[in-house]
Amino acid sequence: MKKKLLIGVVGLGVGYYHFNFLRKLKKCKLISVCDTNQKKLDLVKKNFPKINTYKSFDLMIKKEKLDLVCVASYDNYHSSQILKLINKKINIFVEKPMCLNYNEYFKIKSSLKVNNNVKFSSNLVLRNSPQFRVIEKKINLGEFKNIFYIQGEYNYGRKEKILNQWRSRIPFYSVTLGGGIHLIDLAKFFLKKKAVSVIGAGNKIVTKNTKFRFNDFTTGIVKFQSGVIMNVISNFGCEIPHHHCIKIFAKNKTFIQDYKKAKIFSSRKNSSFERLNVNYHKRAKTKILESFIDSILTNKKPLVTKEDVLDVMAISLTLEKSIKTGRWEKVKY
Ligand SMILES: NC(=O)c1ccc[n+]([C@@H]2O[C@H](COP(=O)([O-])OP(=O)(O)OC[C@H]3O[C@@H](n4cnc5c(N)ncnc54)[C@H](O)[C@@H]3O)[C@@H](O)[C@H]2O)c1
């Protein structure tokens, strides 16, 4: 039998959910955590004295013998932490976005190429929502004929987080890379095609004269290889609870998910539709990480592959680039 994977977690925000999941998972052993916040580390030490705690990421990866690290630090630390982990041949599960610009992207991409044995995935969680899994299966079975347009909307509904927390303090924060990226990932998951070019625009009307220095709203048109067009929206200033909307238009069917409801229409002549379950259990949220762990232990394909992470990141970065240039930009992979 294979040995248990030895795991470390960096960043105890969303990383605390990984921490709680991993410490109960039989096929691995959570041995260390890292956070720059000493109070969070003290709490871990008090409740789980056997887990080693570190304020310094460099020290943790120097002292511990780790097979996998879950990176859930602030966005601006992801790329340097990833590069150090690849260098030490440690497998990586990173929170999105894996990086913040093309310079970092290409460094990571070429380092992963040289160190091909290092496994790499990211927490693109929407892929495992029940309704999206159903839709993906239906698309694979050919039930949606000639998809021509996808619309994806990420309505953040957590304005306080961009106004008062680290998102307003780091050198660069992108709502596209923090939000819309999930919808771009869904489009990639449904279409299984590469995107070719992107044009975008953004504004910061809602957070004008606040500490948040970046666009709080962005939108983009993404052209995929097959001619399918996607419109993606990252809406971080909205006054509505957190949710995602997605519409898929095919020649014979239309899928619509709006606030808490998902439906498939098969006719424009009557208003009958099939309703889909949108309940997203906690267990489903940890599946992306668990499938990655299984892929390390058994070589099975994970739910989110390295290629998925790189492709979706490239599309999102190109959208950010186009917002700056105001032009159609080719997606560089
Ligand atoms: N997949 C998702 O749907 C999802 C959801 C929320 C957040 N995230 C991502 O998770 C990451 C963290 O966001 P959050 O909401 O958990 O933030 P958070 O503020 O709740 O927690 C982040 C923690 O990381 C620690 N930290 C930051 N930089 C560090 C470093 N260099 N070394 C060690 N510790 C460090 C902070 O002290 C803090 O405790 C972000 O990249 C964010 O985009 C992903």
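Predicted, not measured: the structure shown is a model, and the values here were computed from it.

This part takes up the sheet that holds strand β2 (residues 28-34). The sheet built from six strands is open, its strands ordered β3-β2-β1-β4-β5-β6 with parallel pairing. Strand pairing shows two members of the sheet lacking a second neighbour, β3 (52-54) and β6 (120-122), which therefore form its edges. Across the sheet, the mean angle separating the axes of adjacent strands is 20° when strand polarity is ignored. In terms of strand pairing, strand β5 (residues 91-94) meets β6 through three bridges, oriented parallel. Bridge pairing links V94 to S122 in β6.

Taken together, 23 residues form the shell around the ligand, and within it G11, G13, V14, S73 and E95 come nearest. By residue class, the composition of the shell around the ligand is ten nonpolar, eight polar and five charged. No fewer than three residues from each of domain 1 (5-124) and domain 2 (126-284 + 313-330) sit in the shell around the ligand.

We now examine the domain arrangement of the chain. Here the chain is described as being made up of domain 1 (5-124) and domain 2 (126-284 + 313-330). Using only C-alpha atoms to locate each centre, domain 1 and domain 2 end up separated by 27 Å. Counting residues at the interface gives twelve residues for domain 1 and 17 residues for domain 2.

Another aspect to go through is the environment of F57. Looking at the secondary structure, you find F57 in helix α3 (residues 57-63). F57 gets classed as buried once you count the C-beta atoms within 10 Å, which come to 22. C-alpha separation for the pair F57 and K300, spaced 243 residues apart in sequence, amounts to 29 Å. With sequence-adjacent residues up to four places away left out, F57 is seen in contact with V10, C34 and Q81.

Attention now goes to the pairing of strand β12 (residues 254-258). Across the two faces of β12 the burial differs, with F255 and Q257 buried and T254, I256 and D258 not buried at all. With four bridges joining them, strand β11 (residues 243-249) and β12 adopt antiparallel strand pairing. The residue bridging I246 from the neighbouring strand is Q257, located in β12. Connecting β11 to the antiparallel partner β12 that follows it, the hairpin turn spans four residues. The sheet contact formed by β12 and strand β13 (residues 261-265) spans five bridges and is antiparallel. Note that in β13 the partner of I256 across the bridge is K263.

Of all the positions in helix α6 (residues 130-140), only Q131, F132, I135 and I139 are classed as buried. Summarising the axial view, the buried residues of α6 lie within an arc of 95°, below the 170-degree limit, and thus occupy one face. Projecting away from the buried face of α6 at angles above 90 degrees are the exposed residues K137 and N140. Downstream of α6 by one or two residues, G142 has phi in the positive range, about 80°.

Across the interface, helix α4 (residues 78-87) lies against helix α5 (residues 102-114) with an axial gap of 10 Å and an inter-helix angle of 15°. With respect to each other, α4 and α5 are oriented roughly parallel. Along this stretch, α4 crosses α5, giving a crossing that reads as left-handed. Between α4 and α5, the residues in contact are S79, I82, L83 and I86 and E104, K107, I108, S111 and L112, respectively. The class makeup of the residues in the contact of α4 with α5 is five nonpolar, two polar and two charged.

Formed by 86 residues in total, the largest nonpolar core has its most connected members in V9, I92 and I315. Built from parts of two domains, this core gets at least three residues from each of domain 1 (5-124) and domain 2 (126-284 + 313-330). Excluding residues that lie within four positions of it along the chain, I92 makes contacts with V69, V71, I82, L85, V118 and F120.

Each value, and the rule that gives it
- Residues numbered from 1 in each chain as written.
- Predicted model: local features only at pLDDT ≥ 70, side-chain atom pairs only at ≥ 80, totals over all residues.
- Pairing = 2+ DSSP bridges.
- Helix = DSSP H or I, 4+ residues; strand = E, 2+ residues; numbered from the N terminus.
- Axes fitted to C-alpha atoms, helices over the stretch in contact; angles between N-to-C directions.
- Near = placed C-beta within 6 Å.
- Nonpolar A, V, L, I, M, F, W, Y, C, P; charged D, E, K, R; others polar.
- Domains from an automatic or database assignment.
- Contact = placed C-beta atoms within 7 Å.
- Buried ≥ 20, exposed ≤ 12 C-beta atoms within 10 Å, placed from the backbone.
- Arc of directions from axis to C-beta.
- Parallel < 35°, antiparallel > 145°, perpendicular 65-115°, else oblique.
- Left-handed = near helix turned anticlockwise from the far one by under 90°.
- Core = buried A, V, L, I, M, F, W, Y, C linked by C-beta atoms within 7 Å.

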